[in-house]
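Each chain, letter by letter, is given below.
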Amino acid sequence: MRKGILLFGGTSEGRKLAEFLDGKLPVTLSVATEYGRDILPSFQSVQVRWGRMDESEMQAAMPQFELVIDATHPYAVQVSEQVKKAAEASGTPLWRLVREGEYEGTAAQSHREAAQILNAASGRFLLTVGSKELEAYTAVTDFSKRAFVRILPQPEAIAAALQLGYEPSHLLAMQGPFSLELNRVLLRDYQIETLVTKDSGSAGGFDEKRQAAEKIGCRLLVIGRQRREEGISLCEMKKRLEQQFLLPCLTHPVFPLFLKTENRRVLVVGGGAVALRRIQTLLRFQLQIQLVSPRLCPPLEQLLSTTPQISYLPRTWQQTDCGDQLFVVAATDEEAVNRQIADRCNELKIPVSRADSGEDSTFFFPAIVGKGSLIIGISSDGKHHGAVRDYAAWLRKEQER
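My aim in this report is to walk through the structure given alongside it, one point at a time. (Residues numbered from 1 in each chain as written. Predicted model: local features only at pLDDT ≥ 70, side-chain atom pairs only at ≥ 80, totals over all residues. Heavy atoms only, no water.)

Broken down by element type, the chain carries 14 helices and 17 strands. When its C-alpha atoms are laid out on the principal axes, the chain stretches across 75 × 55 × 35 Å. Taking the contacts inside the chain whose residues are at least 6 apart along the sequence as the reference set, 59% of them involve residues at least 24 apart. Of the roughly 20900 Å² that the chain leaves accessible, carbon and sulfur atoms contribute 50%. (Helix = DSSP H or I, 4+ residues; strand = E, 2+ residues; numbered from the N terminus. Contact = heavy atoms within 4.5 Å. Areas by Shrake-Rupley, 256 points an atom, 1.4 Å probe, with all protein chains shown as cover.)

It is worth spelling out the pairing of strand 12 (residues 288–292) at this point. Where burial is concerned, most of strand 12 is hidden: 4 out of the 5 residues are buried. Note that strand 11 (residues 265–269) and strand 12 share 5 bridges and pair parallel. Bridge pairing in strand 12 places V266 opposite I289. The parallel pair strand 11 and strand 12 is bridged by helix 11 (residues 273–282), and the resulting crossover is right-handed. Across 4 bridges, the pairing between strand 12 and strand 13 (residues 310–313) is parallel. Looking at strand 13, one finds that L291 is bridged to Y312. As for the winding sense of the linkage, the β-α-β connection from strand 12 through helix 12 (residues 298–305) to strand 13 is right-handed. (Buried < 20%, exposed > 50% of the residue type's maximum accessible area, 1.4 Å probe, protein only. Pairing = 2+ DSSP bridges. Right-handed = clockwise from strand over helix to strand, strands pointing away.)

To continue, consider the sheet that holds strand 11. The 5 strands lie next to each other as 13-12-11-14-15, forming an open sheet whose pairing is parallel. Of all strands in the sheet, those bounded by a partner on one side alone are strand 13 and strand 15 (352–354). Averaged over neighbouring strand pairs, the angle between their axes works out to 15° when direction is ignored. Here strand 14 (residues 328–330) runs beside strand 15; their pairing, made up of 3 bridges, is parallel. What sits directly across from A330, in strand 15, is R354. Along the sheet, helix 11 contacts strand 11, strand 12, strand 13 and strand 14; its crossing angle with strand 11, the most-contacted strand, is approximately 165°. Running at roughly 165° to strand 15, helix 13 (residues 335–348) makes contact with strand 11, strand 14 and strand 15 of the sheet. (Axes fitted to C-alpha atoms, helices over the stretch in contact; angles between N-to-C directions.)

We now examine the packing of helix 11 against helix 12. For the pair helix 11 and helix 12, interaxial distance at closest approach is 9 Å and the crossing angle is 30°. Viewed along their axes, helix 11 and helix 12 adopt a mutual orientation that is roughly parallel. The handedness of the crossing between helix 11 and helix 12 comes out as left-handed. Contact with helix 11, carried on its side by L276, I279 and Q280, involves P299, L300 and L303 of helix 12 and no other residues of that element. Among the residues forming the contact of helix 11 with helix 12, the class breakdown is 5 nonpolar, 1 polar and no charged. (Parallel < 35°, antiparallel > 145°, perpendicular 65-115°, else oblique. Left-handed = near helix turned anticlockwise from the far one by under 90°. Nonpolar A, V, L, I, M, F, W, Y, C, P; charged D, E, K, R; others polar.)

Bringing the environment of S169 into the picture now. With respect to the helices, strands and loops of the structure, S169 is situated in the loop between helix 7 (155–164) and strand 8 (171–173). For the pair S169 and G10, spaced 159 residues apart in sequence, the C-alpha to C-alpha distance is 28 Å.

A word on the pattern of salt bridges. Scanning the entire structure with this criterion turns up 16 salt bridges. With its nearest N and O atoms 3.1 Å apart, the salt bridge here joins D70 to R96. Highlighted residues: D70 in strand 4 (residues 67–70) and R96 in strand 5 (residues 94–96), separated in sequence by 26 residues. Judged on exposure class, the residue D70 and its partner R96 are both buried. Its salt-bridge partner being R354, residue D360 comes within 2.5 Å of it at the nearest N-O pair. For the pair formed by D360 and R354, the shared burial category is buried. Counted as one network, the salt bridges with shared partners bring together E335, R354, D356 and D360. (Salt bridge = Lys/Arg side-chain N within 4 Å of Asp/Glu carboxyl O.)

Right, here's the structure in full:
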């Protein structure tokens, strides 16, 4: 019987890895706080442990497992060091899951240095660095008037900020993920001149913050990571687990399911050529299509004017758009938005096809070949688009012979 995996999480990568392994391997997911436990999805078999462990507690727990995975935050350096030392002392294999994407334009190597930069600047600044780092910014002149703080809606985090002297009206207690549009609105409405953030990578919402700052001309002050880590990305981690544990069920199973679609509702987000192709295919199956996009390409505008099965919302995507659909297609030209749509659909257990990433898709939009009542759907693992296209073209030629 397998001893299973001890997974130190508390990050989006840790959650995704736990979801990937749920029901396939024995997994204990360790998160530091009760809040971290409460925001997790419902698991089938993953055991969740919450509460901070010191190094001795980690070392005592690790022999019960055959593998330890450290998926803690890239800035949680002390915790990662404790996990590493405990694994070495207990003789338990350790894999480090690292967050991809390091920002090359880092302006500060520490929070103290960031505070010095803010002292030399002027205007309001928004801190998105976590409640534990707020003390460093009290060194900024007139920080209580200039600083706005976005923190998690935890009583202890809010209390700590107030005790340090931050203005109550300047505390934005919010739980992410935060869209590009929400970041942009916050920066604009609070008249923020400098956005202070960590280099948290795409998974930590860095792209949305960077793009929002660029759109309104806000300065971006990024705190660099304290170290350049060696480790395994989420995608590579999944592949290694598949190989290590020899589980056929982990090798991207795809079941060809054919659904009755007449008058069922689907959501398509995007207004470009990809969205157009998806909609043209969906219309063949008598689906009711809700289309969300602030702009449409001319061919899609023309199709909309002649197709009553399409209802159009001329705006950016909102989380409330996902609800009772049969499935959702994310086909915008912004990677961050597509990722948010996929994450939201996964939360709601709605099948989603992300046009720019098979990794985040729960179903793959097939190439369709049909003749009379015969329908063939062709797909792969979401990566070999050319092979799918070529095979579909060959089948269509064969039909014509």
